[in-house]
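Below are the chains, spelled out letter by letter.
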Amino acid sequence: MSKRVCNILEIEKPIIQGPLNWLTDAKYVAAVSNAGGLGVIGFNAGIKEPVFTIEETMENIRNEIRRVKELTDKPFGLNIAPTSDDPEVDRFTGPTLEVMKEEKVSVAVMVGELMPGWIKKFHDNHIKVVFRAANPNIENTKEAIKAGVDILVATGFDEGGTVPTKAIGTFSIVPMIVDATEGKVPVMAAGGISDERTAKAAFALGAEGLYVGTAFMMAEESPLAKNIKEEGTKINATDLIMYRTVPAYYRSLKGELPNKLLKMSREGASEEEIYKAQNAYIGMRDGMLMGDLTKGYASFGLGISMINKIEPVSVIMNRLMKGIEE
């Protein structure tokens, strides 16, 4: 088994926990890191009400970083999503970098579009960059390597949350991105990986690590609402509904609001109208953190089919590692 991901991130097991926006907190992130992987703080970690200013956001991030440090001495990361290489346009990434410098967070998990300027700034401050393109392809893979990213994530359509605009499954996207790297940068697989078999398959396709959302989200330590976790143990991928929205599609458990969004999608409402009706990412908070599917939605990846119980992070981590080691 390649050790590149572990060596770069200074972790024991080549597994990253997906940041999941609202669905992380210090307890959860520390549990992943203590189990040997890389826990990652999400954008709205540890809070239940939205914050709207840069100052409030940075204060929350700093507080959550310090809480994680109280629970683990292992490395962990922070999710970032730059919108522009121009600090005057993107007013959040610069302050986030400053907090990471001051609090000595060693890994930035960058999602979305490639921003080479920010990659250089993070590297200049001795922070590793894991890049997960919103829509992975050969072109942005080569551009990311040129920009100096440390690790790439190849995300398949099997994932939960904001799926790629191209419906390319994990089994197809991972070898495509691995081949495009020509071995220069290790690739982690994301989308539908939740047990030994899927972990083994990802490595057979050339992945050197796993980027895991749904499987850890169903863990005991996860802040996902209890009723949503319990429902997750009873369903499989065929029970999820999918509707159009910005930027492409979303999957969800059935419920009052998700069913309405599916109806809108089938009746030809625009993606923007549906996105507004789902209340953007506040709908994720309402559905997944608060457990209210009359006001929100609850997204899972297709790996939910292999999950039938709520278990500690450490048990899930060991199961995934068993598949990798095979």
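Check the entry above for the structure.
Report follows, based on the coordinates. (Residues numbered from 1 in each chain as written. Predicted model: local features only at pLDDT ≥ 70, side-chain atom pairs only at ≥ 80, totals over all residues. Heavy atoms only, no water.)

## With respect to the nonpolar core
Okay, so step 1: In terms of nonpolar packing, the biggest core is built from 89 residues, with Ile 15, Phe 122, Leu 210, Phe 216, Phe 300 and Leu 320 touching the most fellow members.
Okay, so step 2: Excluding residues that lie within four positions of it along the chain, Leu 320 makes contacts with Ile 15, Ile 193, Ser 194, Asp 195, Ala 199, Leu 210, Val 212 and Phe 216.
Okay, so step 3: Within the second largest apolar cluster, 17 residues are counted, among which are Cys 6, Leu 9, Ile 16 and Tyr 211. (Core = buried A, V, L, I, M, F, W, Y, C linked by side-chain atoms within 4.5 Å. Buried < 20%, exposed > 50% of the residue type's maximum accessible area, 1.4 Å probe, protein only. Contact = heavy atoms within 4.5 Å.)

## A word on the pattern of salt bridges
Okay, so step 1: Overall, the coordinates contain 18 salt bridges when judged by the stated rule.
Okay, so step 2: A salt bridge links Glu 103 to Arg 62; its shortest N-O distance comes to 2.9 Å. Of the two residues, Glu 103 sits in helix α4 (residues 93-103) while Arg 62 sits in helix α3 (residues 54-71), which places them 41 residues apart along the sequence.
Okay, so step 3: Judged by its relative accessible area of 7%, Glu 103 is buried.
Okay, so step 4: For Arg 62, a relative accessible area of 21% puts it in the partly exposed group.
Okay, so step 5: Among the salt bridges present, the one from Glu 103 reaches Lys 69, with a minimum N-O distance of 3.6 Å. Here Lys 69 lies in helix α3 and Glu 103 lies in helix α4, a separation of 34 residues in the sequence.
Okay, so step 6: Among the ionic contacts, a cluster of salt bridges with common partners joins Arg 62, Arg 66, Lys 69, Glu 102 and Glu 103. (Salt bridge = Lys/Arg side-chain N within 4 Å of Asp/Glu carboxyl O. Helix = DSSP H or I, 4+ residues; strand = E, 2+ residues; numbered from the N terminus.)

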